[in-house]
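Each chain, letter by letter, is given below.
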Amino acid sequence: MSTAALSGLPARRRRRLRRVSIEAASVALGAILLIWSVLPVYNMLLIALDPDEGETEFAYLILPPEPSLKSFWGVLSQDYWYLENFWLQFANSFYVGLLTMVLTVLIASLASFAVGRMRLVRARLLTKIALLTYILPASLLAIPFMRVVLRYGLTDNLWAVIAAEIMFAIPFAVLVLQQYATIIPIEFDEAARIDGASPLQVYRHIYLPLMAPALAAVGTFALLLAWGEYLYQYLLLSSARNWTVAVAIEQFFDADEAPWNYMMALAIIYSLPPIAIFYALRRYMAAGLTMGGVKG
Amino acid sequence: MSSTHPLVAARPIALKPRRPARWHSHLHGSELAWAIAFVVPYAMMFVAFALYPIAYGLWMGSSPALYVELLGDPHYAEAALNTALFAGFATNIMMFAALLLSGFFTRRRWWIKALLVVWMLPWALPAIPAYVSFHWMLIGDYGLIDSLISTLFGIDGPSWLNDRWSALASDMAAYVWKWLPFWTLILYAGRMAIPQDLYEAADIDGASGYRRFVHITVPLLANLYLICTALCAIWIIGDFTAAELVSGGAPALSTEVLATLSVHYAFDFGQPARGVAAALSALPILIPLVMILIRRIETREVQL
């Protein structure tokens, strides 16, 4: 269709043509996004469903030749010497992940309440101090952190890992909580105070319920951070009984003849809890993550 | 995601944010004690696990001789360049893509809402399985990507991890895959907080989609976008997992970044002070980024 013919069309048809092409473009973009998101996950399944241990079997294959759940069963029944502590390590991962989540929310919200609502010091001082942690972010702090933790006597101790994860989750948590709190009128707190509520009661009955979306968002953030972090867990935990699954997965790389299908099955099982928690809390997330950039 | 955002419902944008009144003119007695008790856990954590390790690190890496040594090490120069490229490209590509995609996800179609659920999967998936999967997808000859290329086009794909630049690009792709949903969600939340009447007014004035984006969305999201960019760059510079697990430094340690190099100096070559020095050499970039972050958080007024 030439330009002249196009401009000759009635305005209504031109608008319809435009609408249809926008719709087609969104569907195409949607399809690309879908493939992009799912491909690495599909790859994990492809390798995990292979019943054989050799890695060259799936040369140029894009579908599993003979799908089998053998490797998943192998992980769950600790059927391989790399996996002999699987359930213990899974429990360790839960311990680290959930405690990081709960303690990050608790510590960050208490500090945020005292500074932002009770105005202990100037409100943004807390955010500023917390952000100073990022002068040396995560991995760059690993060596001195390890030395310091040894001095505290926390060698091969899950609490050292939890402390590290909390430290890196908190600056972002404080940032989100402080910004979100600005949309909750301070008059609520004042009214409760006049009715004789103690600061702890205001925190529990006003602050926490109203902040629920932001708390869910920072809690999920902390959980995913702890669950996906690897370096500190690797450096700080030395005995196999204290390892988390993250460290166990990486051990497969040190072997020459590692069964990659077992490793992928392990990786998939390891991914399920955070995905479940994430989707359970997802409804709160978008509202809770508002960092207040819009209202300036 | 919830569609009614508290900000949208709560207040018109023209209203200046009211400074919250003080609880009392000053805290005293039991209130002061409560407030201090609430801050103590964080203060203790901060001193014990942030301040002390940072100070310890600065002390470990305080000798100028370490940096002279570093400059003489070709691995260090490569790692520094890789870190700069990684942070520069991945941050900007990711934030710009997140800005556009956040707009795509605000479209009111049932299937776009459903897609957003799938889109968040990479963020929920832990980093280690994700990066391990990327490693196996890209590894030469039997990875899924090359299998797909060979099945669809009948040609052999490249060995992604055997060349420095494509291996580095693979690390970036994996990192972007993992974190793009998170930044999309942050900017999506930011967009949802823009009052709809601004767009309605623009519609009445006959503004096109492009003009609405440039004159409403961009100025209102600018501050948030800058905050996110600084935060994202900081997190990338401190990221160990992507470079370690996707390319593993291959080929021949040419895709190390400062985070991995510093750990390898310390634990594979037994030179912890040198490792700390490599980490500290990122300070000239990190300090300005943290300063930008702190300054931007203070900027609260928007020019409308």
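Residues numbered from 1 in each chain as written. Chains lettered and ligands numbered in written order. Predicted model: local features only at pLDDT ≥ 70, side-chain atom pairs only at ≥ 80, totals over all residues.

## Some words on the overall build of chain A
Move 1: Summing up its helical and strand segments, chain A has 13 helices and 0 strands in all.
Move 2: Seen in sequence order, chain A has helices and strands lined up from the N terminus as α-α-α-α-α-α-α-α-α-α-α-α-α.
Move 3: Counting contacts in chain A only where the partners sit at least 6 residues apart, residues at least 24 apart contribute 78% of the total. (Helix = DSSP H or I, 4+ residues; strand = E, 2+ residues; numbered from the N terminus. Contact = placed C-beta atoms within 7 Å.)

## Overview of the overall build of chain B
Move 1: The number of helices and strands found in chain B is 15 helices and 0 strands.
Move 2: A buried classification covers 47% of the 304 residues belonging to chain B.
Move 3: Expressed as a percentage of contacts within chain B between residues at least 6 apart in sequence, the contacts between residues at least 24 apart total 73%. (Buried ≥ 20, exposed ≤ 12 C-beta atoms within 10 Å, placed from the backbone.)

## With respect to the packing of helix α9 (residues 164–192) of chain B against helix α11 (residues 209–237) of chain B
Residue and element names in this part refer to chain B.
Move 1: Contact geometry for α9 and α11: axes closest at 11 Å, N-to-C directions at 150 degrees. Between α9 and α11, the interaxial angle falls into the category roughly antiparallel. Considering how the two elements wind past one another, α9 and α11 form a crossing that is right-handed. Contact with α9, carried on its side by Tyr175, Trp183, Ile186, Leu187, Gly190 and Arg191, involves Thr217, Leu221, Leu224, Cys228, Cys232 and Ile236 of α11 and no other residues of that element.
Move 2: Classifying every residue of the contact of α9 with α11 gives 9 nonpolar, 2 polar and 1 charged. (Axes fitted to C-alpha atoms, helices over the stretch in contact; angles between N-to-C directions. Parallel < 35°, antiparallel > 145°, perpendicular 65-115°, else oblique. Left-handed = near helix turned anticlockwise from the far one by under 90°. Nonpolar A, V, L, I, M, F, W, Y, C, P; charged D, E, K, R; others polar.)

## What to know about helix α5 (residues 110–119) of chain B
Move 1: Here α5(B) has its buried residues at Leu115(B), Leu116(B) and Trp119(B). Down the axis of α5(B), the buried set is contained in an arc of 110 degrees. They therefore lie on one face. Residues Trp110(B), Trp111(B), Ala114(B) and Val117(B) are exposed on α5(B) and point more than 90 degrees away from its buried face.
Move 2: The secondary structure elements touched by the buried residues of α5(B) are α2 (11–48) of chain A together with α4 (74–105) and α9 of chain B. (Arc of directions from axis to C-beta.)

## What about the interface of chain B and chain A?
Reports of interface size often rely on the accessible area that becomes lost once the parts have come together.
Move 1: In this assembly, 101 residues from chain B lie in contact with 87 residues from chain A.
Move 2: Counting residues per element, the side of chain B that touches chain A draws most heavily on helix α2 (residues 29–60) of chain B, which supplies 16 residues.
Move 3: Per-class residue counts for the side of chain B that touches chain A are 79 nonpolar, 14 polar and 8 charged.

## Here's the deal with unusual backbone geometry
Move 1: Its identity as a non-glycine residue notwithstanding, Arg119(A) has a phi of 55 degrees, on the positive side.
Move 2: By the element assignment, Arg119(A) lies in the loop between α4 (86–117) and α5 (123–131).

## Describing the nonpolar core
Move 1: Of all hydrophobic cores here, the largest spans 199 residues; its most connected members are Ala111(A), Ala173(A), Val218(A), Leu266(A) and Trp183(B).
Move 2: If near-sequence neighbours (up to four positions away) are discounted, Val218(A) is found in contact with Thr104(A), Val105(A), Ala108(A), Ala173(A), Val176(A) and Leu177(A). (Core = buried A, V, L, I, M, F, W, Y, C linked by C-beta atoms within 7 Å.)

## Concerning the domain arrangement of chain A
Residues and elements named next belong to chain A.
Move 1: For chain A, the assigned domains are domain 1 (3–74) and domain 2 (81–288).
Move 2: Computed from C-alpha coordinates alone, the two centres of domain 1 and domain 2 are separated by 33 Å.
Move 3: Facing 9 residues of domain 1, the contacting portion of domain 2 comprises 9 residues.
Move 4: Sorting the residues of the side of domain 1 that touches domain 2 by element identifies α2 and α3 (70–76) as the ones contributing at least two each.
Move 5: Of the residues contributing to the side of domain 1 that touches domain 2, the split by class is 4 nonpolar, 2 polar and 3 charged. (Domains from an automatic or database assignment.)

## What about the environment of Ala252(B)?
Move 1: As for its placement among the helices and strands, Ala252(B) is situated in the loop between α12 (241–247) and α13 (258–267).
Move 2: Residues Ala252(B) and Leu293(B), spaced 41 residues apart in sequence, show a C-alpha to C-alpha distance of 36 Å.

## Some remarks on the environment of Glu298(B)
Residue and element names in this part refer to chain B.
Move 1: Here Glu298 lies in helix α15 (residues 283–298).
Move 2: A count of 9 C-beta atoms within 10 Å places Glu298 in the exposed class.
Move 3: Between the C-alpha atoms of Glu298 and Trp235, which are 63 residues apart in sequence, the distance is 21 Å.

## Quick notes on the confidence of the model for chain B
Residue and element names in this part refer to chain B.
Move 1: For chain B, the average pLDDT comes to 84, and 89% of its residues sit at 70 or higher.
Move 2: Here helix α1 (residues 6–10) stands out as the least confident element of chain B, with mean pLDDT 37; α4 is the most confident, with 94.
Move 3: Ignoring residues within four places in sequence, the model shows residues 1–18, a span with pLDDT below 50, making 28 contacts including any to other chains.
Move 4: Interface scoring of the predicted complex returns ipTM 0.87; its pTM is 0.87. (pLDDT = per-residue confidence, 0-100.)

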